[in-house]
Amino acid sequence: MVQPRADAVAALDAPTFLSPWAFEFTPASTEPLDESYLRHVREAELTLWLVGSTTTNPVAREVREALAHDRPVLIVRLSTATPDTATEALLGEVAPHAKWVETPPEGVRDAVALSFGDEFVRAWRGAMPARTRAALLDERGRLSRARCITRWRAAGISRAEALLLADDLSVGEPSDEVRPTTDNPLIVLRGPVGAGKSLTTERLMQEAIAHALDDSDAPAPVWFHARDVGEDLIEAIRHDCDGIGTLERQGAFVVIDGAEEAGAGKASALLEAGRIAVEAWPELRLVISSRPLPAFGPIEEAVELPTFSEEASLTLVSSVAGREVSNYRWPTSVGDAARRPLWAVLLGVELRSGSSAASTGSLLRNLVRRAVPDADPQANQLLQDLGRLSTERGEAPVPVREIGRRETLDPLLTSGLIVESQGAVRFGLPILTQWFAAESLIAGDPQSSDLAVDPPRLDLWRYAVIVAVAELDWPSASQLLDPIVRADPGFASEVVTEAIRGSIDPSEEGGEVGPLVEAGTAVRGAMGAWLSGIGPMGQLLGYADPDGTPLQLGVAGYDTSLMTMWREENDLHADVVELPPGVHIFDPGAGWGSGRLSRPAPEQAWPWRWALDDVTRSVKAVVGRRQIQVPTGPLLLERAWAEALALLDLGSLHPGPLSVQAIHNRLVEIPAEALLMASGSTHDLSALRARVGQLQADEQEELSAPWPGWDLERGARGSWVWSPYSPERLVERTSAVYEGALEAYEDIVTLWLPNLRHRMRVAVTLPAILRGQLHFSPAPGHGAAPVLEWMLDPLPAEADGSSVDVTVPGRSESSSTDRMEQLGLQQQRLFALRPAARRWISAHATSEALKIFGPTPATDLAFKWLVNDLKRIRLHR
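Source: prediction; values computed, not measured.

1. Structural notes on the overall build of the protein
Looking only at helices and strands, the protein has 33 helices and 23 strands in total. Within the span of the protein, comprising 877 residues, buried residues form 49% of the whole. At a minimum sequence separation of 6, the contacts of the protein that also span at least 24 residues come to 72%. For the protein, the exposed area adds up to about 40,200 Å²; of that, 51% sits on carbon and sulfur atoms.

Okay, structure coming up:
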């Protein structure tokens, strides 16, 4: 408590007419110690007690000495501390005779200054003639504004920023539903921690003060903290109206803030007293604010505090962050939290102090750490249990009996972190569920190896895993991640991307590289897990030898950056070595392949992201070069057709058929290992050689185009690529190409990506019927390209393959409303038929210009879908 005591003394040192006395700031004296500090208590005009977790015997004696000699006592409680039994007992002794305020350690100076200022005001009132009504109202307005400023500052913003927020009445502007009326004179305003209850009541109070300043007959504005209200609420209101108005004539607008801090018993008593007051005095309007309490559960006066709109949330976050921010990358839980004033300010502070590219994991972690004080071990275990059980239920409430005894939960209910309804408890905000679930995961309950083999369950733990990975050191993060990466790389790639930053801006603080060989060993170990998880396609990425062993790695350090280079084959004396002088990614030298020079992320688990970034770059290259091939089906047919057109120097739109003999004669002139360069493309001719051999074995003389060709005379209806197709033939070709694309996509996933298919949107939707509508504008064969609107309608998993259904709608068909209804029905079928993917899969409709021409349209479509699916799971850049 050294710093808070120093801040308190500094606050009292500022006014020149005060002489504060604190033991550690007092010169030496021959006076006996006990007599010295107790004498100062007896002689002081006022005693300040800073309450932490424990209270020493000398401090307890000072407090009791002040009470014994009828000296005023002010209490400042540190919100981050949990008082022990002795301290709680002493607080109970002092409570009837003292005034107290709660603040975080960084707010002590402001709280002391404000509290002493309030005492001076009270003393001055007693010594001076009564002030005018306007002066009294102005004072109440100043105090309301000061409370707002103090709360903003406690959230971590500067005084100047707090002043701006306090004076911007649009921040926290009350909605009509929280204003008491003639029909509803009593409002119990409920909301979880950080929801903005106090801010809303201050704004209501400020409105009432402004109204009273404009109209002498307006209700008198009265503000209490719930803990300071005495036994007789009506008498307290009447007394506080003195000098401003008369309760019997004008009525009063009364705010009672923080009912939960007064305790459940006092809160119930306040509710009863409030009901009596508004019935006895029809002109009385009363607002009681509280975190959710059982006493304020199913009552007709209760109103849940509305959240900010998305626009208002972003405006406040941007104001605090000092720049315009967008929420497009925020997790849903962060966006939900930011629609509450405290969380919006905390998020703005985090975005201002951290990186604009902060990972989801660090954002969640830092945001909750700013908002939630450390709990004692027993309470923290209860919160972890609730986080775990609620997460396993999809963040649903958990029966109290599964958490612990009802009385053990009372302090947590009072804190506002959790709320109770119908015998079950939940966290006030989803972001808290995710945080404490992550804490449980870090503690080993559940084990990540159990989650890894159960994808639907793993989906429930998504954000908890993200937070945990961002929080843990390298060994612990690896213990958590390794089984998930190996069993479910499509899930792991999303988690690692969200938890660990990739590229680091030069102005940001990067991570610790540590010993080079150890860093390289970590990267190589992570790469081994990624390659194992990805499966067959991993062999094409260039990071493993033929038996699947990761290639050896060279490392070098450059200031705060790390350079890694993969060996082309495992021929070194060690798996990880420091790179020889002169070897660089721009001049690799003999034996060294791809490399990377970058700053590691601040998260200690950065090697997992480092290796993943290498993987995603290689996946993009392999897919882009179409190294993924299938020896049968549409991919082979289209590839062979494209090679035949190139070999015979024919245009890409040639309708065929082609002479098998002519192709054979040309092939024998080209060595088997040679490549054919044609029209900027390279062909190895392997697919064509295989196809020609098959046709010759079947005694076929012609190689036909894979898909139906045009059926009209070219040029008769225009020069567009689709012009020589009748509508009927265009539908036929479209159906054939898309059916081939579905088969090609399925072949690729089955052969090369079996470990990823349960995370790929198209793969999970299949088998399905591709339902499409082909639109012509203005007429078939003319004008703009035909447009195909289509969606995948899932079939039962046991169905015999996928199919295509393409139609040409009439003028009255296919309105936007119809499409939305179809999309909704598709979503319902997806949820029913693919329950394991329910937490992430969504219905999808596409409208695209028809691209079914050229030599490889089905291949092009299949790879387009593949790229989109890989990008969604962060395995393709």
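2. Some thoughts on the pattern of salt bridges
What the rule picks out here adds up to 37 salt bridges. Put simply, R462 and E494 hold a salt bridge, and the shortest N to O gap is 3.5 Å. One end of the pair, R462, is in helix α22 (residues 462-471); the other, E494, is in helix α24 (residues 489-499), and 32 residues separate them in sequence. In this structure, the salt-bridge partner of E746 is R757, at a minimum N-O distance of 2.8 Å. With E746 in helix α30 (residues 727-752) and R757 in the loop between α30 and α31 (761-765), the pair connects residues that are 11 residues apart, well separated along the chain.

3. Some words on the packing of helix α27 (residues 633-647) against helix α29 (residues 686-697)
The interhelical angle for the contact between α27 and α29, taken along N-to-C directions, is 100 degrees, at an axis separation of 8 Å. As judged from the angle between their axes, α27 and α29 are roughly perpendicular. Residues L636, L637, R639, A640, E643, A644 and L647 of α27 form the contact with α29, whose participating residues are S686, A687, L688 and R691. Class assignment for the residues of the contact of α27 with α29 results in seven nonpolar, one polar and three charged.

4. Topic: the packing of aromatic side chains
In the structure shown here, the tally under the stated rule is 11 aromatic pairs. For the ring pair F427 and F436, a centre distance of 5.4 Å and an interplane angle of 5 degrees mean the geometry is stacked. Each member of the pair F427 and F436 is classed as buried. Ring centres 5.5 Å apart and planes at 65 degrees place the aromatic pair W606 and W610 in the edge-to-face group. A residue pair is termed a helical-turn pair when its members lie 3 or 4 positions apart in one helix, as W606 and W610 do in helix α26 (residues 606-624) at four residues.

5. Observations concerning the sheet that holds strand β10 (residues 418-421)
Note: strands within a sheet are paired through backbone hydrogen bonds, in either parallel or antiparallel orientation. Strand order in the open sheet formed by three strands is β9-β11-β10, and the pairing between neighbours is antiparallel. Looking along the sheet, the strands with just one partner apiece sit at the ends: β9 (398-399) and β10. Pairing of β9 with strand β11 (residues 424-427), which is carried by two bridges, proceeds in the antiparallel orientation. Counterpart to P399 in the pairing with β11 is A424.

6. So, the sheet that holds strand β14 (residues 576-578)
Taking strand neighbours across the sheet as the criterion, the four strands line up as β14-β12-β13-β15 in an open arrangement whose pairing is mixed. Looking at strand neighbours, the two that pair on one side only are β14 and β15 (592-598), the edges of this open sheet. This sheet shows a mean twist of 25 degrees between the axes of neighbouring strands, independent of strand direction. The strands touched by helix α25 (residues 516-534) within the sheet are β12 (553-558), β13 (561-567) and β14, with β12 carrying the most contacts at an inclination of about 135 degrees.

7. Digging into the pairing of β13
Every other side chain in a regular strand lies on the same face of the sheet, so the side chains alternate between the two faces. Burial runs high along β13: seven of the seven residues are buried. Pairing of β12 with β13, which is carried by six bridges, proceeds in the antiparallel orientation. The partner of Y558 across the bridge, within β13, is S561. Linking two consecutive strands that pair antiparallel, namely β12 and β13, is a turn of two residues; a positive phi of about 55 degrees is found at D559 within it. Alignment of β13 against β15, held across five bridges, turns out to be antiparallel. The residue bridging M563 from the neighbouring strand is L597, located in β15.

8. Structural notes on unusual backbone geometry
Peptide bonds are mostly trans, and most non-glycine residues show a negative phi. The omega angle of the peptide bond from G656 to P657 is 0 degrees, so this bond is cis rather than trans. Turning to its location among the elements, P657 is positioned in the loop between α27 and β16 (658-659). The linkage connecting L766 with the following residue, P767, adopts the cis geometry, with an omega of 0 degrees. Here P767 lies in the loop between α31 and β20 (768-777). We note that R874 has phi near 65 degrees; this positive angle belongs to a residue other than glycine.

9. A look at the side chain of S618
Within the secondary structure layout, S618 lies in helix α26. Leave out the neighbours within four places in its chain, and S618 touches L541 and Y543.

10. A short note on the environment of T497
On the secondary structure map, T497 appears in helix α24. Dropping the residues within four chain positions of it, T497 is found in contact with R609, L612 and R874.

11. Overview of the packing of α22 against helix α23 (residues 474-487)
In contact at an axis separation of 10 Å, α22 and α23 are set at 135 degrees when each is read in the N-to-C sense. It follows from the interaxial angle that α22 and α23 lie oblique. Where α22 abuts α23, its residues V465, A468 and V469 lie against L480, L481 and I484.

12. So, the environment of A113
Relative to the elements of secondary structure, A113 occurs in helix α5 (residues 108-127). By relative accessible area, which is 41% here, A113 ends up partly exposed.

13. Here's the deal with the pairing of strand β1 (residues 47-51)
Counting buried positions along β1 yields four of five residues, so the element is predominantly enclosed. In terms of strand pairing, β1 meets strand β2 (residues 73-78) through five bridges, oriented parallel. Across the sheet, residue L50 finds its bridge partner in β2, namely V76.

14. Comments concerning helix α6 (residues 133-154)
Because an α-helix packs 3.6 residues into every turn, residues spaced three or four apart end up facing the same way. Between its terminal C-alpha atoms α6 stretches 32 Å, which fits the 32 Å expected from 22 residues at 1.5 Å a residue. Restricting attention to buried positions, one finds in α6 the residues L136, L137, E139, R140, S144, A146, R147, C148, I149 and W152. Looking at the residues trailing α6, positive phi occurs at G156, about 110 degrees.

15. What to know about the environment of M205
Within the secondary structure layout, M205 lies in helix α8 (residues 197-214). Residue class for M205 comes out buried when judged on its relative accessible area of 2%. Not counting residues within four places of it along the chain, the set of residues in contact with M205 comprises P221, V222, W223, F253 and V255.

16. Re helix α19 (residues 430-442)
Counted at 1.5 Å a residue, the expected span for α19 with its 13 residues is 18 Å, and the 18 Å between its end C-alpha atoms agrees. Extensive coverage of α19 is indicated by the burial of 11 of its 13 residues. Within α19, the full set of buried residues consists of I431, L432, T433, Q434, W435, F436, A437, A438, E439, S440 and L441. Trailing α19 by a residue or two, G444 shows a phi angle of about 100 degrees, which is positive.

Cut-off values and rules
Residues numbered from 1 in each chain as written. Predicted model: local features only at pLDDT ≥ 70, side-chain atom pairs only at ≥ 80, totals over all residues. Heavy atoms only, no water. Helix = DSSP H or I, 4+ residues; strand = E, 2+ residues; numbered from the N terminus. Buried < 20%, exposed > 50% of the residue type's maximum accessible area, 1.4 Å probe, protein only. Contact = heavy atoms within 4.5 Å. Areas by Shrake-Rupley, 256 points an atom, 1.4 Å probe, with all protein chains shown as cover. Salt bridge = Lys/Arg side-chain N within 4 Å of Asp/Glu carboxyl O. Axes fitted to C-alpha atoms, helices over the stretch in contact; angles between N-to-C directions. Parallel < 35°, antiparallel > 145°, perpendicular 65-115°, else oblique. Nonpolar A, V, L, I, M, F, W, Y, C, P; charged D, E, K, R; others polar. Phe/Tyr/Trp six-rings, centres within 6.5 Å; stacked < 30°, edge-to-face > 60°. Pairing = 2+ DSSP bridges. Expected span 1.5 Å × (residues − 1).

Any functional reading would require information that these geometric values do not contain.
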